[in-house]
Amino acid sequence: MSKVCSLEELAAEIQPGMSVSFGGFAHSLTPMAVVRELVRRGVDNLVLIGIAEAWAADMLAGAGALRRMVLSNFMFEGFGLCRNFSRVVERGTVEFEDYSHFALASRFAAAGVGLPFAAVRSLLGSDLLGGSNGEQRLAHQEFQSPFGEERVVLLPAVSPDVVVIHGHRGDDDGNVQVEGATSVIEEQARAGKTVIATVEEIVDSSRLRESPHFTIVPGMLVSRIAAVPYGAHPTGMYRLYDADYAHIREYVAASRDEGRFADYLAQVTAGGHSAYLERLGVRRLLALRPDPHFGYHLEREDGGWRA
Amino acid sequence: MASVSVSLEEVMVYTAAREIADGSAVFVGTGLPMLAAYLAKATHAPEASLLFESGILDPQPTHLALGVGDFRLMHAATSIRGLHYVLGLLQRGVIDVGFLGAAEVDAYGNINTTVIGGDYHHPGKRLPGSGGANDIASSARSTVIMCPHRPERLVERVQYVTSPGFLGGGDERERAGLVGGGPRMIITDLAVFRFRPDTRRAFVSSIHPGVDPEAVIEGAGFAVDLPDEVEQTPTPDASAVALLREMDPAGVYLKRPQG
């Protein structure tokens, strides 16, 4: 049976109170159309388990959609802090729990191979494990290897209720291809209780089978899939479109002030994804097209050409 | 100094580049370390391998990346994987030197990039968090810390140890079970600190050209251990400076020297 559905049906898999995790790394690969749809529908009380999806984290934080964040790092590379994220933490309106990238990715990886816990060599000696007053911050156990002297930290596996990813292309069985650096998508998708995917295009399975090495999430893991062109905008998709740096600047400026950010959210969510793309306009979207050799747009204003 | 005018940030980058040995494996982040790594590859360390937490292994970028997630960093990479893969390699022990930035770094090389002011649960200012920094600080064979030389950045003890240096000094780091070697040095825009082999406390090992030793003391929030005889930090020659400016012509990471 085909797993293909609309963006709205797909996003409806995420209900208030659920734990969620999104694909993405810095200004790339983030299922932003799903994030905007959640904001549009007013889904709240979510627990975000996030490693590199700063865009999803900051927008949902600014929309008041989060109850708790389990995180390793949220920042807008090249543009500074994620201000909505910092604001909700400073105000104490959202609970949070810090990990390192590898520690949290390892919790996903453990769940993805059916183990109850992960073992890592990170976190030892740091305040991520606990404060100087003896307060324990993370569920963990320091553990000496039964086969030697090495000490490791055990952390519980984690399986988000819903993992949301955005891929370059997929098919109606839910197979998803991603090109370029894949962030934590493989580990997230294997860990998720439910995995839903948006993709730039849905193609015939035979086309995916021509390049199976790009299929990093097999359809057996994916419940629903929707074709959502420019579904990562304003983040980019390697070889398809660059991050929209002008939009990123507008977002970052708006996020300095709650009123302005509320206006921004109202603007980008009005009418859903089709209306969003129409407002952006063809000219702007075409301008994000990459150079076919390099896989990214060459004429960015920060220059940086190195002959 | 050579006829070319060199900025203190350029001295920082050059100093960092000199820590990259040819053939070594280097974990690199956004900003000055990225330029340092490119400079090393373009000069004395063409066979160094650069790894980025975004999952990119040893690229040959022809355009300056705004961050480790920038598509510009994927160009001509030897391999492109995921975050867990490269950080797993780091934990495996393949990294000779990892670069770290800091909002706060203390006299024992511990780094805070999590909260400033208040307490952990009610911070005055919430920062991005560890990212891969704790992993690098824990597992790289050595680390190089780069941080502006300001009293609020160079502190006696960090408020929150996001990424461990030598913890409280002495053998505390080893006793915590950490296998990576810990910080090799702190490079600021005024000086270079290294660590005493017994106490593991930072001391000034060189001062950048033209910098007053008093400024090195005044600019730090911890009591500075300044030996009587301190070398001058080597200055990049004209060709190294030209390379850096060619890599970052718009001054994204490197401010141009004044005047």
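What counts, and where the lines are drawn
- Residues numbered from 1 in each chain as written.
- Chains lettered and ligands numbered in written order.
- Predicted model: local features only at pLDDT ≥ 70, side-chain atom pairs only at ≥ 80, totals over all residues.
- Helix = DSSP H or I, 4+ residues; strand = E, 2+ residues; numbered from the N terminus.
- Rg over C-alpha atoms; globule rule 2.2 N^0.38 Å.
- Contact = placed C-beta atoms within 7 Å.
- Nonpolar A, V, L, I, M, F, W, Y, C, P; charged D, E, K, R; others polar.
- Buried ≥ 20, exposed ≤ 12 C-beta atoms within 10 Å, placed from the backbone.
- Expected span 1.5 Å × (residues − 1).
- Arc of directions from axis to C-beta.
- Core = buried A, V, L, I, M, F, W, Y, C linked by C-beta atoms within 7 Å.
- Pairing = 2+ DSSP bridges.
- Axes fitted to C-alpha atoms, helices over the stretch in contact; angles between N-to-C directions.
- pLDDT = per-residue confidence, 0-100.

So, the overall build of chain A
Assigned secondary structure in chain A consists of 11 helices and 14 strands. What you see for chain A is a C-alpha radius of gyration of 20 Å, in line with the 19 Å of a compact globule of 307 residues. For chain A, the C-alpha atoms occupy an extent of roughly 60 × 50 × 50 Å along the three principal directions.

Some details on the interface of chain B and chain A
Contacts between chain B and chain A engage 53 residues on the former and 55 residues on the latter. At the level of secondary structure, the elements contributing two or more residues to the side of chain B that touches chain A comprise α3 (83–92), β9 (123–126), α4 (133–139) and α7 (238–247) of chain B. Each residue belonging to the side of chain B that touches chain A can be placed in one class, and the counts come to 22 nonpolar, 23 polar and eight charged.

Observations regarding the environment of F166 of chain B
All names here are of chain B. By the element assignment, F166 lies in the loop between β11 (154–155) and α5 (172–175). On the neighbour-count criterion, F166 (26 C-beta atoms within 10 Å) is buried. F166 sits 12 residues away from L154 along the chain, and the two C-alpha atoms are 15 Å apart. Not counting residues within four places of it along the chain, the set of residues in contact with F166 comprises Y108, G109, E172, R173, G182, F195 and R200.

Considering helix α9 (residues 258–269) of chain A
All names here are of chain A. Taking 1.5 Å per residue, 12 residues should reach 16 Å; α9 reaches 16 Å between its end C-alpha atoms and fits that length. Of all the residues in α9, the buried ones are F261, V268 and T269. Seen from one end, α9 has its buried residues packed into an arc of 90°, which puts them on one side. Residues G259, D263, A266 and Q267 are exposed on α9 and point more than 90 degrees away from its buried face. Elements in contact with the buried residues of α9: α2 (32–41), α3 (54–62), α4 (83–91), α8 (245–254) and α10 (272–280). At the exit of α9 stands G271, carrying a positive phi of roughly 80°.

Overview of the nonpolar core
By size, the foremost hydrophobic cluster in this structure holds 173 residues, and its most contacted members are A57 and L60 of chain A together with V13, A16, V26, L35 and L39 of chain B. Beyond its immediate sequence surroundings of up to four residues, V13 of chain B is in contact with L32, L35, A36, L39, L244 and L254 of chain B.

What about the pairing of strand β12 (residues 183–187) of chain B?
Residues and elements named next belong to chain B. Among the five residues of β12, four are classified as buried, and the element is accordingly described as predominantly covered. As paired elements, β12 and strand β13 (residues 191–195) share two bridges and run antiparallel to each other. Looking at the pairing, I187 lines up with V192 of β13. Connecting β12 to the next strand, β13, in antiparallel fashion are three residues.

Some words on the sheet that holds strand β9 (residues 151–156) of chain A
All names here are of chain A. The strand order β7-β9-β8 describes an open sheet built from three strands, whose pairing is antiparallel. With one partner strand each, in any of the chains shown, β7 (117–120) and β8 (141–144) form the two edges of the open sheet. In this sheet, neighbouring strand axes are inclined to one another by 35° on average, regardless of whether the strands run parallel or antiparallel. Pairing of β8 with β9 involves four bridges; the strand directions are antiparallel. Bridge pairing links Q141 to L154 in β9. Against the sheet, helix α5 (residues 101–112) touches β7 and β9, its axis set at about 145° to β7.

Thoughts on unusual backbone geometry
All names here are of chain A. The omega torsion of the bond from H233 to P234 falls at 10°, within 30 degrees of zero and hence cis. In this fold, P234 is placed in the loop between β14 (224–227) and α8. Phi angles above zero are rare outside glycine, and N45 is one such case at about 65°. Along the chain, N45 turns up in the loop between α2 and β2 (46–50).

Here we look at the confidence of the model for chain B
Here chain B shows a mean pLDDT of 95. Residues at 70 or above account for 97%. Listed scores for the predicted complex are pTM 0.96 and ipTM 0.96.

Some details on the sheet that holds strand β6 (residues 104–106) of chain B
Residue and element names in this part refer to chain B. Spatial strand order, β7-β6-β11: three strands in an open sheet with mixed pairing. Where the open sheet ends on each side, the last strands, each with one partner, are β7 (111–112) and β11. Across two bridges, β6 lies against β11 in parallel orientation. The residue of β11 that forms the bridge with V105 is L154.

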